[in-house]
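# Commentary on secondary and tertiary structure
Listed below are the residues making up each chain.
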Amino acid sequence: MRRLSARRSAPTRPGRTPLTRQVFWFAAIGVASAAAQALPYWVLRHWPPPVLANFTSLLVVTVLNTEANRWLSFH
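Fair warning: this is a prediction, and the values are worked out from it, not measured in the lab.

### A few points about the overall build of the protein
Helices and strands together make up the secondary structure of the protein, namely two helices and zero strands. Every one of the 75 residues in the protein was classed for burial, and the buried ones make up 11%. Of all intrachain contacts in the protein linking residues separated by at least 6 positions in sequence, the fraction that spans at least 24 positions is 59%.

Here is the structure:
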């Protein structure tokens, strides 16, 4: 007779824990956000002062980063 504790269920496979998935998506979104922050800054830096362009870019990307983390990393 098999012991119940010896059987592996899908969520407890090695390397596939919910924490691993969350860390992966959190890191991927962080890298994408860092790269994405450059695009609005590059577009805006010609019109307003660079400080204002940087602030606007950070504001937009931070909101998108937060929503992506809520949706993908933490459901």
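### Let's talk about the pattern of salt bridges
Counted according to the given criterion, the structure contains one salt bridge. Across the salt bridge formed by Arg 70 and Glu 67, the nearest N and O atoms sit 3.2 Å from each other. Of this pair, Arg 70 and Glu 67 both sit in helix 2 (residues 50-73), three residues apart, which is roughly one turn of the helix. According to the relative accessible area criterion, Arg 70 is exposed, its value standing at 52%.

### As for the side chain of Ser 57
Structurally, Ser 57 is set in helix 2. Engagement of the side chain of Ser 57 in a polar contact is seen with the backbone oxygen of Gln 37, the distance being 2.6 Å. With residues near it in sequence (within four places) discarded, Ser 57 still touches Gln 37, Pro 40 and Tyr 41.

Parameters at a glance
Residues numbered from 1 in each chain as written. Predicted model: local features only at pLDDT ≥ 70, side-chain atom pairs only at ≥ 80, totals over all residues. Heavy atoms only, no water. Helix = DSSP H or I, 4+ residues; strand = E, 2+ residues; numbered from the N terminus. Buried < 20%, exposed > 50% of the residue type's maximum accessible area, 1.4 Å probe, protein only. Contact = heavy atoms within 4.5 Å. Salt bridge = Lys/Arg side-chain N within 4 Å of Asp/Glu carboxyl O. Polar contact = N/O pair within 3.5 Å; in protein donor to acceptor, adjacent residues only side chain to side chain.

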